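Structural overview
Residue strings, one per chain:
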Amino acid sequence: MNNIVASTGQDGEHITYCRICEALCGLKATVKDGKVVKVEPDKDNISSKGFICTKGPNMVNVMNDPERVLYPMKRTGGPGEFSRVSWEEAMDDICTKLGAIKEEHGGESIAAYVGNPMAFAGNNYGMVISFLNSLGSTQNYTPCAVDISAVCFATETVLGPGFPIPDIPNCDYFLIIGANPLESHASLVHAPTIREDMDAIAERGQVVVVDPRLTKTAKRYHHQPILPNTDIYFLAGLLNTVFDESLTDEQFLAENVVGVEPFRNALKGLPIELCSEQCGIPVEDIQKIARDFAGHKRAAAYSRLGTSRASYGALTNVLIMALNIVTGKFGVKGGSFMGANPYLPESFSNRGAPNSHGMQKTRTGDLPAIGGHLPGTVMADEILSERADRLRAMIVSAGNPVVSFPDGSRLEEALQQLDVMVGIDLYINETNQYADYILPATSFFEREDLPVFSISTMPRPAMHFSPKVIDPMGEAREEQYIFMEIAERLGLPNPVAMTFLPEDMWEQHKKSDMIDMLDLCIRNGMAGDHYGENPEGLSLDKIKQHPHGIEVTGIDSYNEWRRHARHEEGKLVLWEDNIAADFKRLTTEGLRLKPASDQLALFGRRSIKNINSWMHNIENLVKGAPPALYINPEDAEQRNIQDGQMVVIKGKNREAQCPAKVTGDVVKGSVCYPHGWGHNGKANWTRANQTEGININDLLSSDIEDVDALTGSPLLDGFPVYVEAVS
Ligand SMILES: Nc1nc2c(c(=O)[nH]1)N[C@H]1C(S)=C(S)[C@@H](COP(=O)(O)OP(=O)(O)OC[C@H]3O[C@@H](n4cnc5c(=O)[nH]c(N)nc54)[C@H](O)[C@@H]3O)O[C@H]1N2
Ligand SMILES: Nc1nc2c(c(=O)[nH]1)N[C@H]1C(S)=C(S)[C@@H](COP(=O)(O)OP(=O)(O)OC[C@H]3O[C@@H](n4cnc5c(=O)[nH]c(N)nc54)[C@H](O)[C@@H]3O)O[C@H]1N2
Ligand code: SF4
Ligand SMILES: [Mo]
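Bear in mind that the values here come from a model prediction, so they are computed numbers and not experimental data.

Procedures and definitions
- Residues numbered from 1 in each chain as written.
- Chains lettered and ligands numbered in written order.
- Predicted model: local features only at pLDDT ≥ 70, side-chain atom pairs only at ≥ 80, totals over all residues.
- Heavy atoms only, no water.
- Buried < 20%, exposed > 50% of the residue type's maximum accessible area, 1.4 Å probe, protein only.
- Helix = DSSP H or I, 4+ residues; strand = E, 2+ residues; numbered from the N terminus.
- Arc of directions from axis to C-beta.
- Contact = heavy atoms within 4.5 Å.
- Core = buried A, V, L, I, M, F, W, Y, C linked by side-chain atoms within 4.5 Å.
- Domains from an automatic or database assignment.
- Buried area = accessible area lost by both parts, 1.4 Å probe.
- Polar contact = N/O pair within 3.5 Å; in protein donor to acceptor, adjacent residues only side chain to side chain.
- Nonpolar A, V, L, I, M, F, W, Y, C, P; charged D, E, K, R; others polar.
- Pairing = 2+ DSSP bridges.
- Axes fitted to C-alpha atoms, helices over the stretch in contact; angles between N-to-C directions.
- Near = heavy atom within 4 Å.
- Salt bridge = Lys/Arg side-chain N within 4 Å of Asp/Glu carboxyl O.

Let's shift gears to helix H11 (residues 272–279). What H11 keeps buried is the set Ile-272, Cys-275, Ser-276, Gln-278 and Cys-279. Taken end-on, H11 shows its buried residues confined to a sector of 165°, consistent with a single buried face. Those residues of H11 that are exposed and aimed more than 90 degrees away from the buried face are Glu-273 and Glu-277. In this fold, the buried residues of H11 make contact with helix H8 (231–244) and helix H12 (283–295). Two residues or fewer past H11, Gly-280 is found with a positive phi of approximately 80°.

Once that is clear, we can look at the nonpolar core. The biggest cluster of nonpolar side chains holds 95 residues, and the ones touching the most others in it are Val-36, Met-59, Tyr-343, Phe-445, Leu-450, Met-463 and Trp-614. Discounting residues that sit within four places of it in the chain, Leu-450 has contacts with Tyr-17, Gly-122, Tyr-343, Met-463, His-464, Phe-465, Ile-515, Leu-518, Ile-522, Leu-540 and Ile-543. Counting residues in each nonpolar core, the second largest holds 68 residues, with Cys-152, Leu-267, Met-321 and Leu-710 among its members.

Right, let's get into the domain arrangement of the protein chain. Along its sequence, the protein chain is organised into domain 1 (12–63), domain 2 (73–138 + 354–451 + 462–551), domain 3 (149–342 + 560–585) and domain 4 (591–725). Using C-alpha coordinates to define each centre, domain 1 is positioned 34 Å away from domain 3. Facing ten residues of domain 1, the contacting portion of domain 3 comprises nine residues. Summing both partners gives a buried area of about 740 Å² for domain 1 against domain 3, and 58% of it is carried by carbon and sulfur. Interface area lost by domain 1 to domain 3 is led by Glu-22, Ala-23 and Phe-51, which between them contribute 59%. At the junction of domain 1 and domain 3, the tally comes to three residue pairs in polar contact (both at pLDDT 80 or more). Taken together, the residues that form the side of domain 1 that touches domain 3 break down as six nonpolar, two polar and two charged.

The three strands lie next to each other as S1-S2-S3, forming an open sheet whose pairing is antiparallel. For this open sheet the edge positions go to strand S1 (12–17) and strand S3 (35–41), each flanked by a neighbour on one side alone. Put simply, the sheet's adjacent strands are angled 30° from each other on average, direction ignored. By the bridge criterion, six bridges tie S1 to strand S2 (residues 26–32) in an arrangement that is antiparallel.

With respect to spatial proximity, the complete set of residues near ligand 3 consists of Cys-18, Ile-20, Cys-21, Ala-23, Leu-24, Cys-25, Phe-51, Ile-52, Cys-53, Lys-55, Gly-56 and His-185. Residues of the shell around ligand 3, tallied by class, amount to nine nonpolar, two polar and one charged.

Right, let's talk about the pattern of salt bridges for a bit. According to the stated counting rule, one finds 40 salt bridges in the structure shown. Here Asp-449 makes a salt bridge to Arg-447, at a shortest N to O gap of 3.0 Å. Residue Asp-449 shares its accessibility class with Arg-447, and that shared class is buried. Among the salt bridges present, the one from Lys-652 reaches Asp-706, with a minimum N-O distance of 2.7 Å. Of this pair, Lys-652 sits in the loop between strand S24 (646–650) and strand S25 (655–662) while Asp-706 sits in the loop between helix H26 (686–690) and strand S27 (719–725), placing them 54 residues apart in sequence. In this structure Lys-652 comes out as partly exposed when scored by relative accessible area, which is 35%. Beyond isolated ion pairs, a larger network of salt bridges with shared partners links Glu-88, Asp-92, Arg-477, Glu-485 and Arg-489.

Now for unusual backbone geometry. Positive phi, close to 65°, is recorded for Asn-229, a residue that is not glycine. In this structure, Asn-229 sits in the loop between strand S11 (222–224) and H8. On the accessibility criterion, Asn-229 (5% relative accessible area) is buried. We note that Leu-593 has phi near 60°; this positive angle belongs to a residue other than glycine. On the secondary structure map, Leu-593 appears in the loop between helix H23 (577–589) and strand S22 (600–603). Accessibility expressed as a relative area gives 21% for Leu-593, which makes it partly exposed.

Here it is in structure tokens:
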């Protein structure tokens, strides 16, 4: 193994890792004359073993994109019209305005939205929440409501905060519900080699993919089609079969679970015939999957986006956890378990902790914060509200909510009502085009990092440190230093120190940054070196000596859930008020936003060459035909729609036109179109603006009555639309 790497900015090969998605693939970057000129897979990376996708190398084109923002920019005209200013001028004005808003209207008038790429930046974790708290603000928005809130809700309700992960390396039956890991490279489970892992499972057992579309993953393994937004019924059908046929693990339930009886009784309100009719899967097929799942000693049920933004997304994810639990496949080899987090100390315990959900609610709509994240669905309302402490200032870092949330056109109107808006980004995008200032961020090649978010989703825990490959280009700065400077200028404590240390230590750690703090946590953590007490343990220095990654050992991952359990006796909880209320809603009201007989259920897709809204300025990734609306041949025939013809999709508040692709890959009654497109020409990405996709989210709804009451998540998959041919 080649452990000798060039130091920051030096010509030669640098070992680093990709931070575009959760796979965190190992990369080898070649630097010449101070620039990254080539990116290849790091064949020696202990997790990704030489796997990368096309986006990793194309990140160099993002970094070197002539349209990248490399200097602080001040808006000097309409949306998207900016001129270069100095950091000093930008920071002076931003801080004066934020200070005045806090003084006059209170901290709650100031919000932040931190987008997806920051989940992979070890330099960001939790820091923005601390920054807001020091201002007296709880207005922390993220994409969670369009992503993981349902999972977070379910996990914290049943167990405690964290993520349940499937033991992919060891299971023999892998039930995937609403995820497409061969294109997404897996979410909420770190699995860069997931294709090899799933091939091995298929060899020794079975991989079943429940999806309304014959995806790449479904095609390779066993596909079980389902109608969008009906998984709640499919899962109720599975669980009823498990209970009715006594496929439960009674000993595990007796020792470890409370609330089984009321949970089981509630399921009786959803008989399997009803479940089958609603989700479109024959009774025998539901029963077979239940029997096969329970019958394999090592089986794991796993789901991602396809179940998370559904009309009962939170309850659906409770049922997925319940399926793993009642069949005795939770916390065991080959089942699913709570990922270990080596940043936590050995003494960590959640015993007796309250459920954080609903401790904070949105001021408009009364929707719960999930894990401290407010649903972005209400941002426009919060800005446009009449209340004295309405949102007047917003910092958007690494996000594009105008495109990533439903009804973005309304958010665009609202953003123009802010007194001050700051963007921190690599680009001028559809959202920060309205900012007063855009501050230039570093790409991952220009900063050091450790995995933080992903570490507890690793079935095979491993630590990777990446030094900076090159110094920040232009005047780009890391997000943490931007927030630290704003805090200092406003006379507030260092948000990084606030995140990790008790108050009496903040002054002493005025200049400490994220990597300093993470080192502290690792060394004191459950796998740490405890400053010499455990010489075999981890420290940042030790991790740095292993540029291709180092395995985290000495953690009993399967039993890790026990220290995360909130229940006073450390048990799993299948019944509480929120679950009861949602079961009642489901059995009395049925599905929210169920398509009428002449409507179709619109759901999304991802493709390997794209990541959400932001790599569309790169020619390699967007060349070719624009995205099309996939429609089933029967639905197309009914509407006189020919393959390739333009169609109009009519959503809640708006309509849009795109080409149709007639294909049996999507189930009858549904249509499929990806999100992240529809660049409206105001952002300054020339190539992206030439693409012909539409912003599908603008057809969907953020209205309070349309979102999931338990999480504030909008319905993104299964939204009812009308589709007609354009003559
Ligand atoms: N190439 C690429 N990779 C990515 C991303 C990207 O944009 N591009 N995004 C990253 C991000 S931010 C995330 S969160 C992850 C997401 O990771 P995944 O969840 O694995 O990604 P998706 O492709 O959205 O998979 C969701 C699947 O659910 C299916 N589905 C839709 N509606 C339903 C339903 O009602 N029921 C069921 N059972 N299935 C349904 C869809 O057809 C789709 O195949 O991917 C990450 N990786
Ligand atoms: N209909 C529909 N909508 C969806 C989804 C869906 O499946 N269907 N998926 C949802 C999901 S899972 C997610 S995660 C959200 C994503 O939603 P967002 O996070 O709001 O949006 P992104 O498109 O990821 O935009 C990321 C921005 O960060 C910038 N950026 C990239 N790297 C960095 C960096 O290192 N630092 C800084 N400061 N900026 C950087 C990019 O230029 C871009 O402008 O979209 C959601 N929206
Ligand atoms: S799968 Fe692609 S985008 Fe994701 S981390 Fe690996 S190289 Fe990067
Ligand atoms: Mo996401």
